[in-house]
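For reference, the chains in residue letters:
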Amino acid sequence: MDQYSDNFYIYGLTALVACTMKIVILFMANTNTKLTAAVNLVCIALIAQNALEFLSAFTFSSNPMIASYFVDGVMFSLYFFAAALVYFCVTVAQIKSARLISSLFAGFALLVGALHLSGQLIDGYVAVGYTIISNEGALYSVFQVYILSVILTLLITLMHGIIKAEPEVQARCKTTLLAIAPICGTGVGVIVFRMLGFNSSSAIVMPIASTFFVWVLMLDQRGEFITFRVKWRIIWKLAINIKNLNLTDWAEEVEKQLVLEALRTEGNNKSAAARLLGSNQTTFHRKAEKYLETPARKQRTPSKRAFDSDYDFS
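Enquirer: Looking at this structure, how should I read the overall build of the chain?
Expert: Counting secondary structure elements, the chain contains 11 helices and 2 strands. In sequence order, the chain lays out its α and β elements as α-α-α-α-β-β-α-α-α-α-α-α-α. By residue count, 47% of the 314 residues in the chain fall in the buried class. Partitioning the contacts of the chain with sequence separation of at least 6, the portion at a separation of at least 24 is 70%. For the chain, the exposed surface amounts to about 15,900 Å²; the carbon and sulfur share of it is 63%.

Enquirer: What exactly am I supposed to notice about the packing of helix 10 (residues 270–277) against helix 11 (residues 281–291) here?
Expert: Relative orientation of the contacting elements helix 10 and helix 11 amounts to 115°, with a least axis distance of 9 Å. Considering their axes alone, helix 10 and helix 11 lie roughly perpendicular with respect to each other. In this structure, the crossing between helix 10 and helix 11 has a hand that is right-handed. Note on element contacts: helix 11 touches helix 10 through Q281, F284, H285, A288 and E289, opposite K270, S271, A273, A274, R275 and L277. By residue class, the composition of the contact of helix 10 with helix 11 is 5 nonpolar, 3 polar and 3 charged.

Enquirer: Can you help me understand the packing of helix 5 (residues 140–162) against helix 6 (residues 167–195) in this one?
Expert: Helices that pack against each other are described as a pair by the angle of their axes relative to one another and the distance between those axes. Interhelical geometry of helix 5 versus helix 6 gives an angle of 160° and a closest axis separation of 9 Å. Taken together, the axes of helix 5 and helix 6 are roughly antiparallel relative to one another. Between helix 5 and helix 6 the crossing geometry is left-handed. Here the residues of the contact of helix 5 with helix 6 are counted per class, giving 17 nonpolar, 5 polar and 2 charged.

Enquirer: Help me understand the nonpolar core, please; the structure alone is not making it clear to me.
Expert: Looking at soluble globular proteins, one finds that nonpolar side chains tend to be buried together. With 60 residues, the main nonpolar core has F88, F143, Y146 and F213 as its most contacted residues. Where this core is concerned, the elements lending two or more residues are helix 2 (34–57), helix 3 (64–92), helix 4 (98–117), strand 1 (122–128), helix 5, helix 6 and helix 7 (205–221). A per-element tally of this core places helix 3 first, with 15 residues. Leaving out residues up to four positions away in the same chain, F213 has contacts with V42, L85, F88, A179, I180 and I183. Counting residues in each nonpolar core, the second largest holds 10 residues, with A262, A274, F284 and L292 among its members.

Enquirer: I tried to follow unusual backbone geometry on my own but got confused; where do I start?
Expert: For residues besides glycine, phi is generally negative; the peptide bonds are generally trans as well. In the Ramachandran plot, Q94 falls in the positive-phi region, its phi being about 55° despite a non-glycine side chain. Here Q94 shows up in the loop between helix 3 and helix 4.

Enquirer: Before we go on, may I ask you to explain the packing of aromatic side chains in this structure?
Expert: Note on aromatic pairs: each is described by the distance of the centres and the angle between the planes. Counting across every chain of the model gives 6 aromatic pairs. For the pair F76 and Y79, a centre-to-centre distance of 5.6 Å together with 75° between the ring planes defines the contact as edge-to-face. On the criterion of helical spacing, the pair formed by F76 and Y79 is a turn pair, its members being 3 residues apart in helix 3. Where F212 meets W215, the ring centres are 5.9 Å apart and the plane angle is 45°; that geometry is what we call tilted. Here W215 and F212 lie together in helix 7, a separation of 3 residues that amounts to about one turn. When its relative accessible area of 26% is taken as the criterion, F212 is described as partly exposed. By way of ring pairs, the aromatic residues F76, Y79, Y140 and F143 are connected into one cluster.

Enquirer: Explanation requested: the pattern of salt bridges in the structure shown.
Expert: Oppositely charged side chains can pair when the atoms bearing their charge come close. The full count for this structure, using the stated rule, is 2 salt bridges. Between R194 and E136 there is a salt bridge, and its shortest N-O distance comes to 3.5 Å. Remark: E136 occurs in strand 2 (residues 131–136) and R194 occurs in helix 6; sequence separation between them is 58 residues. Accessibility expressed as a relative area gives 10% for R194, which makes it buried.

Each value, and the rule that gives it
Every residue gets a number counted from 1 within its own chain, in the order that chain's sequence is written. It should be noted that, the model being predicted, local features are given only for residues of pLDDT at least 70 and side-chain atom pairs only at 80 or more, the latter also being counted only at that level, while totals for whole chains, interfaces and linings use all residues. Think of the side-chain values as coming from all heavy atoms in the structure, minus any hydrogens and water. Note on conventions: DSSP H or I runs of at least 4 residues are helices, E runs of at least 2 residues are strands, and numbering of each starts at the N terminus. Note on exposure labels: buried denotes an accessible area under 20% of the residue type's maximum, exposed denotes more than 50%, and partly exposed covers the range between, all computed with a 1.4 Å probe on protein chains only. In what follows, residue pairs with any heavy atoms lying within 4.5 Å of each other are defined as contacts. Shrake-Rupley sampling with a 1.4 Å probe provides the accessible areas, and residues are treated as covered by the protein chains on show and by no other component. Orientation is described by axes fitted as lines to C-alpha atoms, over the contacting stretch for helices, and by angles from 0 to 180 degrees between their N-to-C directions. Convention used here: angles under 35 degrees read as roughly parallel, angles over 145 as roughly antiparallel, angles from 65 to 115 as roughly perpendicular, and any remaining angle as oblique. It is the rotation of the near helix from the far one that decides the hand of a crossing: anticlockwise by less than a right angle makes it left-handed, clockwise makes it right-handed. Ten residue types, Ala, Val, Leu, Ile, Met, Phe, Trp, Tyr, Cys and Pro, are classed as nonpolar, four, Asp, Glu, Lys and Arg, as charged, and the remainder, Gly among them, as polar. Among buried residues, those of type Ala, Val, Leu, Ile, Met, Phe, Trp, Tyr and Cys that are joined through side-chain atoms within 4.5 Å constitute a nonpolar core. A pair of Phe, Tyr and Trp rings is counted when the ring centres sit within 6.5 Å of each other, with Trp represented by its six-membered ring. The angle between the planes then sorts it: under 30 degrees is stacked, over 60 is edge-to-face, the rest tilted. Salt bridges are identified by distance alone: a Lys or Arg side-chain nitrogen within 4 Å of an Asp or Glu carboxyl oxygen.

In short, shape yes, function no, at least from these values alone.
Right, here's the structure in full:
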């Protein structure tokens with residue numbers, strides 16, 4: 001197994017960094033609300049998964065038997081994480097049957113765990129490249145059905161929340177959908193590649209995707225996510241138009257894009273857009289009139305930031 005030692009450092013260090021970042025975020029939270037408790041549940045599963053990935057990577061070369069137990073722990077944390085993610089999303093979307101749905105997937109997770117213990121789900125592990133791959137057992141398809149049903153439930157739940165009338169739920173679900181998309185994409189990708197016969201693994205991508213998930217939620221609860229999104233849009237627009245810009249026009253173009261994106265984010269509500277940018281109301285109104293081709297007609301009350309009252313972070 002010595003030939004895999006150097007490659008495993010990449011796998012192990014990625015998991016260690018992801019684990020450390022999640023621990024820092026978790027210790028910044030107070031479990032005073034239902035949503036905060038749901039996030040903490042997801043974070044605990046992710047921390048356990050990343051820690052066990054780190055331990056398995058740094059022991060597999062020297063002691064494959066011990067490492068296999070750590071990899072078993074990774075799999076069990078994955079089963080738990082998937083069920084916790086369902087609980088979080090149905091809580092975010094305020095689904096009426098949230099308790100029933102959460103209970104069903106908790107039961108599904110227990111079933112998958114029992115099949116794992118019986119040896120019917122996973123039939124050992126093998127080192128491939130920089131990671132450790134599970135050998136499929138006789139009932140491995142049950143695990144695949146479980147993961148795909150979790151992903152489908154997450155997407156349906158959040159889309160249902162987005163079309164609901166309550167602005168708070170809509171904003172919360174949109175942000176969560178963005179945060180969870182890399183996790184869902186990684187899960188589907190691994191399953192598809194495994195079905196096609198490739199030794200696919202999420203060892204590197206999943207820790208990054210799950211850290212992105214937690215990071216977006218942290219930005220959002222601090223009221224910084226919308227500002228970050230506005231700045232990213234500006235960077236993108238400036239990048240695609242850079243050939244048409246002169247240095248003397250650069251500052252004005254940045255200001256223009258900042259004003260227009262803030263207005264678009266706040267539904268053309270100039271007062272809300274000014275608050276978003278931390279700008280003086282009179283100055284912002286003047287600049288908005290300057291950069292808008294026609295005065296905005298539609299005004300709306302700015303929607304509440306997702307998690308503002310549901311999360312309590314220090």
